[in-house]
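Results of the structural survey
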Amino acid sequence: MDSVSSTDVTQKLTRFILGTRLEDLPAAVRHQASRTLVNWIGCAIGGARHETVERAMRALSPFFGPPQATLLGRRGRADILHAALINGISSHVLDFDDTHIETAIHPAAPVLPAILGLAEHAPLSGRDFLAALVVGIETELRIGIAVTPEHYRAGWHITGTAGVFGAAAASGKLIGLSEPQMRFALGLAAAQPVGLQEMFGSMTKSFHPGRAAQNGLTAALLARQGFTSSERALEAERGWLKVLSSACDTKPITDPATPWQILDNSYKPFACGLVVHPVIDGCIKLRGQHGLAAEMIERIEVAVHPRVMDVTAIAEPQSGLAAKFSVYHAAAVAIVEGAAGEREFSDAMACAPGITQLRRRVAVAIDGHLGKAQARVAILLKSGARHEVFVEHALGSVRNPMSDAMIEDKLRGLCEGILPPGRAERILDLCRRAETLADAGDIARSAGFSAS
């Protein structure tokens, strides 16, 4: 990759952020923004009662400020900065949220918690809200592409480190920052990278996008008051790009012809890291085709893309969060349960005897010729029979996406047992009509317990 050569990266990005209007966006981009919104809200509600969120609430709720924003799926409200943090944590804790496969960024988790709080604090139109959502996602993804793969290889959790720029950009656009102020906001965002891959499998992984949302919103609010920063925070010799990555290419950030990256966003049918979805897809297919049960199986052999073992190599996970980063658990639970949703990555499932025994019979091989959404799965039975499948495009990938109806059903399922009956339909109606809403804050309010 080329080194940073452009001297006006931050300036060009600022002009893109402030100059992009909803009417400039292709219909496909606007549609994808709606899908992203539906998927993210479902994930935030579904994760709202997780132990991770409960612990965060116990630690921080005594220090909440004015009740300005909804805590999705929970009773009570918080100030917009704490709401951004809590909603960001809850939306990512199930690892069920959207993913951009090239960068491994979860695009919505740092952006939507920031701007939903703003929308409740000072009423904003749905048109402005969706434009900010798209701009925020494009900002973080284009910065992410610029440093991929070296930034991720260094051990950063890119959803947090790049996501803060998305939150700052979207928030700054909504509160009407000027060009100099937006450059300050991007500089403040650059000074707040958060996220290490070492934290995968623990509660801190979901803290990363929550803090990125809170930090990005903070950056925009400070910049509005003239709080200064470097105005070349991305490209400077000691700026974000050079400090946080050993190599980068600024063209995706500065080139007006850069494709809309939100179109490559993907939505998960399985509640774990996207890189193991092909394995799950293949195991579920073989289970269904051949009526397989764990006691019939001698060995499960999977061949995967190299990234799989970079991030999901936990052989004996002891918790649901750790199981999300275990290709061994993913294969075993897919065979035993025929599913891989929220329930299949619970603490109970991580320690279930039938699953723990089967995952010890999973053998993993790396194949650099496989794509990130591909896998080969072979199951050798005790009878000597062998069944194989090649997953070319896993369900949920860009080439084999979840339909709108599937994403809406996912939201409905995640709302069950958390929000009152019928509330999911109200949320879906508001999301479908988001462009026409006079007050985008209605979307957040519909997902809390202050809604009538």
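Position labels on residues start from 1 in each chain and follow its written sequence. Whole-chain, interface and lining totals are the exception, using all residues; otherwise, since this is a predicted model, local features are given only for residues with pLDDT of at least 70 and side-chain atom pairs are given and counted only at 80 or more. As a convention, hydrogens and water are excluded, and side-chain values are obtained from all of the structure's heavy atoms.

As for helix α4 (residues 80-92)
In this description a helix means any DSSP run of H or I spanning at least four residues, a strand means any run of E spanning at least two, and both kinds are numbered starting from the N terminus. Each helix should span, by expectation, one fewer than its residue count multiplied by 1.5 Å. For α4, with 13 residues, the first-to-last C-alpha span of 18 Å sits near the 18 Å given by 1.5 Å per residue. Buried, partly exposed and exposed residues are distinguished by accessible area as a fraction of the type maximum, computed with a 1.4 Å probe on protein chains only: under 20%, between the cut-offs, and over 50%, respectively. When you tally the buried positions in α4, you get 12 out of 13 residues, the bulk of the element. Where α4 is buried, its residues touch α2 (27-46), α3 (51-60), β1 (69-70), β2 (77-78), α5 (108-121) and α11 (204-224). The contact criterion used throughout is that any non-hydrogen atoms of two residues lie within 4.5 Å.

Some remarks on helix α6 (residues 126-147)
The end-to-end C-alpha distance of α6 is 32 Å, a good match for the 32 Å that 22 residues give at a rise of 1.5 Å each. Of all 22 residues in α6, 20 are buried; the element is thus mostly enclosed.

Considering the packing of aromatic side chains
Two rings from Phe, Tyr or Trp (for Trp, the six-membered ring) form a pair when their centres sit within 6.5 Å of each other. Planes less than 30 degrees apart are called stacked, planes more than 60 degrees apart edge-to-face, and all others tilted. In total, this model carries 3 aromatic pairs according to the counting rule given. Judged by centre distance (5.2 Å) and plane angle (90°), the rings of F165 and W240 are edge-to-face. One end of the pair, F165, is in helix α9 (residues 163-174); the other, W240, is in helix α12 (residues 240-244), with 75 residues separating them in the sequence. With relative accessibility at 0%, the residue F165 sits in the buried group. Its end group placed over the ring of W260, R142 keeps NZ or CZ at 5.5 Å from the ring centre. Taking the ring centre of F96 as reference, the NZ or CZ of K410 above it sits at 4.2 Å. Charge-over-ring contacts are defined here by two conditions on Lys NZ or Arg CZ: a distance within 6 Å of the ring centre and an angle within 35 degrees of the ring normal.

A short note on the sheet that holds strand β8 (residues 386-391)
Within a sheet, neighbouring strands are paired by backbone hydrogen bonds and run either parallel or antiparallel to one another. Strands were regarded as paired on the criterion that DSSP finds at least two bridges between them. Ordered by their spatial adjacency, 4 strands build an open sheet running β6-β5-β7-β8, and the pairing between neighbours is mixed. One side of each edge strand has no neighbouring strand; the edge strands of this open sheet are β6 (362-366) and β8. The average undirected angle you get between the axes of adjacent strands in this sheet is 15°. Sheet topology places strand β7 (residues 375-381) next to β8; 6 bridges connect them, and they run antiparallel. Looking across to β8, one finds that A378 is bridged to E388. Where helix α14 (residues 277-290) meets the sheet, its contacts fall on β5 (297-304), β7 and β8, and the angle it forms with β8 comes to roughly 135°. Packed onto the sheet, helix α17 (residues 327-337) meets β5, β6 and β7 and runs at close to 130° relative to β6. Axis lines are fitted to C-alpha atoms, over the contacting stretch for helices. Their N-to-C directions set the angle, which ranges from 0 to 180 degrees.

Concerning unusual backbone geometry
P149 follows T148 through a cis peptide bond whose omega is 10°. Along the polypeptide, P149 turns up in the loop between α6 and α7 (150-153). Of note, D95 is a non-glycine position whose phi angle comes to about 55°, a positive value. In this structure, D95 sits in the loop between α4 and β3 (99-100). Phi angles above zero are rare outside glycine, and A104 is one such case at about 70°. Among the structural elements, A104 can be located in the loop between β3 and α5.

Remarks on the side chain of S397
Mapped onto the fold, S397 is located in the loop between β8 and α20 (404-415). Here S397 is in contact with S266 and A373, once residues within four sequence places are set aside.

Here's the deal with the packing of α4 against α5
One can describe the packing of α4 onto α5 by two numbers: an axis separation of 8 Å at closest approach and a directional angle of 140°. Viewed along their axes, α4 and α5 adopt a mutual orientation that is oblique. The two elements α4 and α5 meet at a crossing, and its hand is right-handed. Within the contact between the two elements, α4 uses I80, A84, N87, G88 and S91 and α5 uses A109, P113, A114, G117, L118 and H121. The class makeup of the residues in the contact of α4 with α5 is 6 nonpolar, 5 polar and no charged. Note that the term roughly parallel is reserved for angles under 35 degrees, roughly antiparallel for angles over 145, roughly perpendicular for angles of 65 to 115, and oblique for everything else. In this scheme the crossing of two helices becomes right-handed for a clockwise turn of the near helix relative to the far one and left-handed for an anticlockwise turn of less than a right angle. For this classification, the nonpolar set comprises Ala, Val, Leu, Ile, Met, Phe, Trp, Tyr, Cys and Pro, the charged set comprises Asp, Glu, Lys and Arg, and every other residue, Gly included, is treated as polar.

Some details on the packing of α3 against α4
For the pair α3 and α4, interaxial distance at closest approach is 9 Å and the crossing angle is 160°. One element, α3, and the other, α4, form an angle in the roughly antiparallel class. Seen from above, α3 lies across α4 with right-handed handedness. Contacts between α3 and α4 involve T52, V53, A56, M57 and L60 from the first element and H82, L85, I86, I89 and S90 from the second.

Concerning the nonpolar core
The nonpolar core is taken to be a set of buried Ala, Val, Leu, Ile, Met, Phe, Trp, Tyr and Cys residues, with the residues joined through side-chain atoms within 4.5 Å. In terms of nonpolar packing, the biggest core is built from 151 residues, with I41 and I300 touching the most fellow members. The biggest single contributor to this core is α6, with 12 residues. With near-sequence residues (within four places) excluded, I41 lies in contact with L72, L411, I427, C431 and I443.

Regarding the environment of L133
Residue placement: L133 occurs in helix α6. Residue classification places L133 among the buried positions, given a relative accessible area of 0%. The spatial distance from the C-alpha of L133 to the C-alpha of A108 is 8.2 Å, given a sequence separation of 25 residues. Among residues more than four places away in sequence, those in contact with L133 are A33, V111, L112 and I115.

A short note on the pattern of salt bridges
By salt bridge we mean one thing: a side-chain nitrogen of Lys or Arg within 4 Å of a carboxyl oxygen of Asp or Glu. Scanning the entire structure with this criterion turns up 34 salt bridges. For E51, the salt bridge goes to R55, with nearest N and O atoms at 2.7 Å. Highlighted residues: E51 and R55, both in helix α3, separated by 4 residues, approximately one helical turn. Judged by relative accessible area, which is 36%, E51 ranks as partly exposed. What makes R55 partly exposed here is its relative accessible area of 42%. The shortest N-O distance in the salt bridge between E316 and R360 comes to 2.9 Å. With E316 in the loop between α15 (306-311) and α16 (320-323) and R360 in the loop between α19 (353-359) and β6, the pair connects residues that are 44 residues apart, well separated along the chain. Here E316 falls in the partly exposed class, since its relative accessible area comes to 33%. Here the residues in one salt-bridge network are E408, D409, R412, E425 and R432, joined through shared partners.

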